[in-house]
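# Fold and contact review
One letter stands for each residue in the lines below.
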Amino acid sequence: MPRPMLLLDVDGVLNPYAAVSCPAGFGEYAFFPAEEPVRLCEDHGSWLADLGGMFELIWATGWGVNANRLLAPFLGLAQLPVVQFPPAPFRPEDKVPAIAEFAAGRPAVWIDDMLTPQAYAWADRRAEPTLLIAADPAEGLTRSMVDEALSWAATLDAPVRPRRRLTIHRRLRRLRAR
């Protein structure tokens, strides 16, 4: 099975923009002087490194290449592939066609704060294993979300136990023989 990818949004996931005030453990950074400061947590760098051990990390954000330019150095990440979305501003459901094309043929986890009904329908239709994780834009990425993704990835390569299959076949033969 190909290595799974983890599609990562920024605003609402790494940047909990909807919090009334800057959450504990986060700092505010003026990456875009004419806009609200970006709230980032240094702990996310080590969490993303953990995820990078199991997944190919992919930016799936309207930040585009700015995620590599501004966030990757802050988080201690190498340059990551970037899903190309329509020019901003775009609607959340407009991410789905680009995500679908980018993730074609590979298992995927998508972490976003604006997962739409179209995103869930896409995930349900996929032949490849897919996990969507919805972030609260006031809280952002949590360790439990990281652990959920890692646990899910660990199940992808879980070996099939032939002995159990043999047991099932033996039971079926016994039932048929009666």
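Just so we're clear, the structure is a prediction, and the values are computed from it rather than from any experiment.

Those residues of helix α4 (residues 117-125) lying buried are A119, W122 and A123. The arc that holds every buried residue of α4, seen down its axis, measures 100°, which confines them to one face. Exposed positions of α4 whose direction lies more than 90 degrees from the buried face are P117, D124 and R125. Considering only its buried residues, α4 is in contact with α3 (95-103), β5 (108-112) and β6 (130-134).

Bringing the packing of helix α1 (residues 43-52) against helix α5 (residues 143-156) into the picture now. Where α1 meets α5, the closest approach of the two axes is 10 Å, and the angle between their N-to-C directions is 5°. One way to sum up the angle between α1 and α5 is to call them roughly parallel. Contacts between α1 and α5 pair W47, D50 and L51 from the former with R143, V146, A149 and L150 from the latter. Of the residues that constitute the contact of α1 with α5, the class distribution is five nonpolar, no polar and two charged.

Glancing now at the sheet that holds strand β1 (residues 5-8). Pairing between the strands of a sheet comes from backbone hydrogen bonds, and it takes one of two forms, parallel or antiparallel. One open sheet holds the four strands; their spatial order is β4-β1-β5-β6, and the pairing between them is parallel. The sheet is open, and its two borders are formed by β4 (56-59) and β6, each paired with just one other strand. Strand-to-strand twist across the sheet, computed as the mean angle between neighbouring axes with direction ignored, equals 20°. Pairing analysis gives five bridges linking β5 to β6, with the strands arranged parallel. Following the sheet pairing, D112 is matched in β6 by A134.

Structurally, R106 can be placed in the loop between α3 and β5. Each residue touching R106, except ones within four places of it in the same chain, is listed here: P2, R3, P4, M5, E56, R126, E128 and P129.

Next up on the list: the pattern of salt bridges. Using the criterion set out here, one finds nine salt bridges in the structure. With a closest N to O distance of 3.0 Å, E28 and R39 form a salt bridge. In this pair, E28 sits in strand β2 (residues 26-29) while R39 sits in strand β3 (residues 38-41), placing the two residues eleven residues apart along the sequence. Judged by relative accessible area, R39 falls into the buried class, the value being 10%. Of the charged contacts, one joins R91 and D94 as a salt bridge, the two residues approaching to 3.0 Å between their closest N and O atoms. When its relative accessible area of 21% is taken as the criterion, D94 is described as partly exposed. Each of D9, K95 and D112 takes part in one network of salt bridges that share partners.

Here the focus is the confidence of the model for the protein chain. Of the residues in the protein chain, 88% have a pLDDT of 70 or more, and the chain-wide mean is 90. Contacts for the low-pLDDT stretch residues 160-175, under 50 throughout, to residues beyond four places or in other chains number one contact.

Judged by nonpolar contacts, the single largest core of 35 residues is most densely connected at F55 and W59. Taken together, the elements giving at least two residues each to this core come down to β1, β3, α1, β4, α2 (66-75), β5, β6 and α5. It is α5 that contributes the most residues to this core, seven residues altogether. Residues in contact with F55, not counting those within four places in the same chain, are R3, P4, M5, L6, V109, A149, L150, W152 and A153. A60, F85, A119 and A123 belong to the second largest nonpolar core, which has 17 residues in total.

About the criteria used
Along each chain, residue indices are assigned from 1 in the same order as the chain's sequence is written. Thresholds applied to this predicted model are a pLDDT of at least 70 for local features of residues and 80 or more for the giving and counting of side-chain atom pairs; totals over whole chains, interfaces and linings are not thresholded and use all residues. Only hydrogens and water are removed before side-chain values are computed, so all heavy atoms of the structure are retained for them. Classification of residues uses two cut-offs on accessible area relative to the type maximum, computed with a 1.4 Å probe and protein chains only: under 20% is buried, over 50% is exposed, and between them is partly exposed. A run of H or I in DSSP becomes a helix once it reaches four residues, and a run of E becomes a strand once it reaches two; helices and strands are each numbered from the N terminus. An arc is given here, and it is the one of the directions from the helix axis to the C-beta atoms. Note on contacts: a residue pair is in contact if any heavy atoms of the two residues lie within 4.5 Å. Simply put, an axis is a line fit to the C-alpha atoms, just over the touching stretch for a helix, and the angle between two N-to-C directions goes from 0 to 180 degrees. For classification purposes, angles smaller than 35 degrees are called roughly parallel, those larger than 145 roughly antiparallel, those between 65 and 115 roughly perpendicular, and all remaining angles oblique. Amino acids outside the nonpolar list (Ala, Val, Leu, Ile, Met, Phe, Trp, Tyr, Cys, Pro) and the charged list (Asp, Glu, Lys, Arg) are all regarded as polar, and Gly is one of them. Strand pairing is defined by DSSP finding a minimum of two bridges between the two strands. Criterion for a salt bridge: a side-chain nitrogen of Lys or Arg within 4 Å of a carboxyl oxygen of Asp or Glu. What pLDDT reports is the predictor's confidence in each residue, on a scale of 0 through 100. As used here, the term nonpolar core means buried Ala, Val, Leu, Ile, Met, Phe, Trp, Tyr and Cys residues forming a set that is joined through side-chain atoms within 4.5 Å.

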